[in-house]
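This is what each chain is made of:
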Amino acid sequence: MKREIATLEDIKFLVDTFYAKVRQDEVIGVIFNKVIGDKWAVHLEKMYSFWQTLLLGDHTYNGSPFAPHAKLPLHQEHFDRWLQLFNRTMEEHFVGKKAEEAKWRAHKMAEMFHYKIQFLREKGANYLN
C-alpha cells in the first residue's frame, strides 16, 4: 500500500528502501559501496536528516551535500541511474505532494551535481581546494 511522506519514519523507509536498491545496482552500487565502505549506517543517518529537512521542514541536516560528491568518478549515466532508482522507489511506495516534491528535488539535485562536477572537471582541480 502506498503512503504519503509525513513522518520521520516515512523518510527512513524511503531512504532505506532506496539505498538498498543503490547498494545492489550494477551501475552505481560499486561506486557507493567503495566510497562508503562499512560506514553505511552513518551515511543513512545523514540521508534521514537531509530528507527530513527538505521534505518535513525539520532542520536537522547540517552540511554541504555536494562536497562529498565533487571528486567522485560520476558521469551522466550515474546520475540517470540514481534518479531512475529514486523515482522507482517513490512510485512503488509513495503518493501525494511530498512524494512529488521529493522526485522534483531529486531531479534538481542530480542535474545540479552533474553540472557542477562537469564544471570542476573543465576548470581544473584548483576549484576543489
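Residues numbered from 1 in each chain as written. Predicted model: local features only at pLDDT ≥ 70, side-chain atom pairs only at ≥ 80, totals over all residues. Heavy atoms only, no water.

## Brief notes about the overall build of the protein
Argument step 1. The secondary structure content of the protein amounts to five helices and zero strands.
Argument step 2. Starting at the N terminus and ending at the C terminus, the protein contains elements arranged as α-α-α-α-α.
Argument step 3. The C-alpha atoms of the protein give 15 Å as radius of gyration, which agrees with the globular expectation for 129 residues (14 Å, within 12%).
Argument step 4. Expressed as lengths along the three principal axes of its C-alpha atoms, the size of the protein is roughly 45 × 30 × 25 Å. (Helix = DSSP H or I, 4+ residues; strand = E, 2+ residues; numbered from the N terminus. Rg over C-alpha atoms; globule rule 2.2 N^0.38 Å.)

## As for the confidence of the model for the protein
Argument step 1. Looking at the protein, the pLDDT average stands at 94 and 95% of residues meet or exceed 70.
Argument step 2. Here helix α5 (residues 97-123) is the element of the protein with the lowest mean pLDDT, 94, and helix α1 (residues 8-24) is the one with the highest, 98. (pLDDT = per-residue confidence, 0-100.)

## Side note on the environment of tryptophan 40
Argument step 1. Counting through the fold element by element, tryptophan 40 comes out in helix α3 (residues 40-56).
Argument step 2. Considered as a pair, tryptophan 40 and lysine 21 are 19 residues apart in the sequence and their alpha carbons are 13 Å apart.

## Section: the pattern of salt bridges
Proximity of charged atoms lets side chains of opposite charge pair with each other.
Argument step 1. Under the defined criterion, the tally for this structure stands at 10 salt bridges.
Argument step 2. Notably, a salt bridge pairs arginine 81 with glutamate 26, separated by 3.9 Å at the nearest N-O pair. Of the two residues, arginine 81 sits in helix α4 (residues 76-93) while glutamate 26 sits in the loop between α1 and α2 (29-36), which places them 55 residues apart along the sequence.
Argument step 3. Of the residues examined, arginine 81 reaches a relative accessible area of 16% and is grouped as buried.
Argument step 4. The partner of arginine 105 in a salt bridge is glutamate 101, and the shortest N-O contact between them spans 2.8 Å. Taken together, the residues span about one helical turn, with arginine 105 and glutamate 101 both in helix α5 at a distance of four residues.
Argument step 5. Residues participating in the shared-partner salt-bridge network are Asp25, Glu26 and Arg81. (Salt bridge = Lys/Arg side-chain N within 4 Å of Asp/Glu carboxyl O. Buried < 20%, exposed > 50% of the residue type's maximum accessible area, 1.4 Å probe, protein only.)

## Quick notes on the nonpolar core
Argument step 1. Val15, Tyr19, Phe32, Trp51, Trp82, Phe86 and Met90 are the most contacted members of the largest nonpolar core, which has 38 residues in total.
Argument step 2. Setting aside chain neighbours within four positions, we find phenylalanine 32 in contact with Tyr19, Val22, Gly37, Trp40 and Trp82. (Core = buried A, V, L, I, M, F, W, Y, C linked by side-chain atoms within 4.5 Å. Contact = heavy atoms within 4.5 Å.)

## Things to note about the layout of surface pockets
Argument step 1. Its volume calculated, the largest pocket comes out at about 640 Å³.
Argument step 2. Lining the largest pocket are 25 residues, and of these Phe32, His43, Met47, Pro68 and His69 lie nearest its centre.
Argument step 3. Those elements that place two or more of their residues in the lining of the largest pocket are α2, α3, α4 and α5.
Argument step 4. In terms of residue count, α3 provides more of the lining of the largest pocket than any other element does, six residues in total.
Argument step 5. In terms of residue class, the lining of the largest pocket is made up of 20 nonpolar, three polar and two charged. (1 Å grid on protein atoms, 1.4 Å probe; cavity = no way out; pocket = protein on both sides within 12 Å on 5 of 7 lines; lining within 4 Å. Points joined across faces, edges and corners; volume = space filled by probe spheres on them. Nonpolar A, V, L, I, M, F, W, Y, C, P; charged D, E, K, R; others polar.)

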